[in-house]
Amino acid sequence: MLSPSMLLRLWQTARYRQLMRKLLEGRVEAGLRVDERLGGPLAAGAVALLRLGELNQAHLPIATELRQRLLLSQNRDGSWGDSLPERAMLTALCIRGLHAVAGQRVDHAAPYGLRWIPLDVQGRGISIERAIRHGLRHLGHAQERYGGWAGDLFATGFVLLELARVPGFRESVRVAEALELLDAAEGGLDTETSLLFSRVEQRFGRRLRLAGRSAPRGLLARREVSLLAGVA
């Protein structure tokens with residue numbers, strides 16, 4: 001298990017991919033090459049914050065730094081990141097990381113919890129709760145006609161995997177349509193996407209039917225940033 005001191009050392013020396021690999025060992029995301037797909041400071045910070053939240057260590061200075069980094073990096077539209085399909089995946093990961101510490105206190109003496117952190121950003125405070133709501137709204141608006149994100153099945157599955165248990169997610173997006181999109185996939189899956197689909201099945205407590213039906217026609221076009229994969 002990665003200790004807080006090792007976590008801090010990797011973070012401060014900008015070894016973001018190594019930090020992510022260490023933190024994702026033994027987790028549901030293991031084997032998905034998340035560090036290669038997202039491996040920058042925001043993804044590493046979100047995963048580190050998730051782990052610290054699970055260990056009830058949100059009072060540590062590194063946790064405060066990570067929270068501030070994520071909150072200050074949120075785009076105006078509620079997303080995190082720049083390019084597709086990474087933006088949808090990174091937004092989901094940042095929401096989950098913030099949610100992991102949303103109910104914990106900054107330190108034992110503070111009279112407030114993390115739902116409201118008085119950061120001074122252009123004269124305004126930044127609420128973790130508000131950032132999460134804004135991120136979920138973005139995912140709802142960015143969800144495409146056929147239920148996916150960024151025309152990419154891996155990104156769609158990853159969003160579902162990360163946020164399945166985050167309150168408000170199922171009310172903010174069309175989960176049933178996203179799952180139906182995975183159901184309708186066909187073709188050969190790479191190892192990571194196949195593993196991701198199995199993780200989504202476990203998290204949602206249902207079996208993807210994947211009965212060889214054709215995927216919606218409009219989603220089969222190749223995009224510059226992604227290549228749709230499916231299940232035979």
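Just above, that's the structure.
Residues numbered from 1 in each chain as written. Predicted model: local features only at pLDDT ≥ 70, side-chain atom pairs only at ≥ 80, totals over all residues. Heavy atoms only, no water.

**Q** Explain the overall build of the protein chain to me, and be specific about the residues and the numbers.
**A** Across its full length, the protein chain carries 11 helices and two strands. The order of helices and strands in the protein chain, counted from the N terminus, is α-α-α-α-α-α-β-β-α-α-α-α-α. Within the protein chain, the fraction of its 232 residues that count as buried is 52%. Expressed as a percentage of contacts within the protein chain between residues at least 6 apart in sequence, the contacts between residues at least 24 apart total 70%. (Helix = DSSP H or I, 4+ residues; strand = E, 2+ residues; numbered from the N terminus. Buried < 20%, exposed > 50% of the residue type's maximum accessible area, 1.4 Å probe, protein only. Contact = heavy atoms within 4.5 Å.)

**Q** Tell me about the packing of aromatic side chains, residues and numbers included.
**A** Overall, the coordinates contain one aromatic pair when judged by the stated rule. Over the aromatic face of Phe154 sits the side chain of Arg37, whose NZ or CZ is 3.6 Å from the ring centroid. (Phe/Tyr/Trp six-rings, centres within 6.5 Å; stacked < 30°, edge-to-face > 60°. Lys NZ or Arg CZ within 6 Å of the ring centre and 35° of its normal.)

**Q** Tell me about unusual backbone geometry, residues and numbers included.
**A** Residue Pro85 is reached from Leu84 by a cis peptide bond, and omega for that bond is 0°. Relative to the elements of secondary structure, Pro85 occurs in the loop between helix 5 (61-73) and helix 6 (86-101). Here the phi dihedral of Asn56 falls at roughly 55°; this positive angle occurs in a residue that is not glycine. Positionally, Asn56 belongs in the loop between helix 4 (41-54) and helix 5. The class of Asn56 is exposed, set by a relative accessible area of 54%. Look at Ala150: it is not a glycine, yet its phi comes out positive at around 60°. Take Ala150: it is sitting in the loop between helix 7 (128-142) and helix 8 (153-163).

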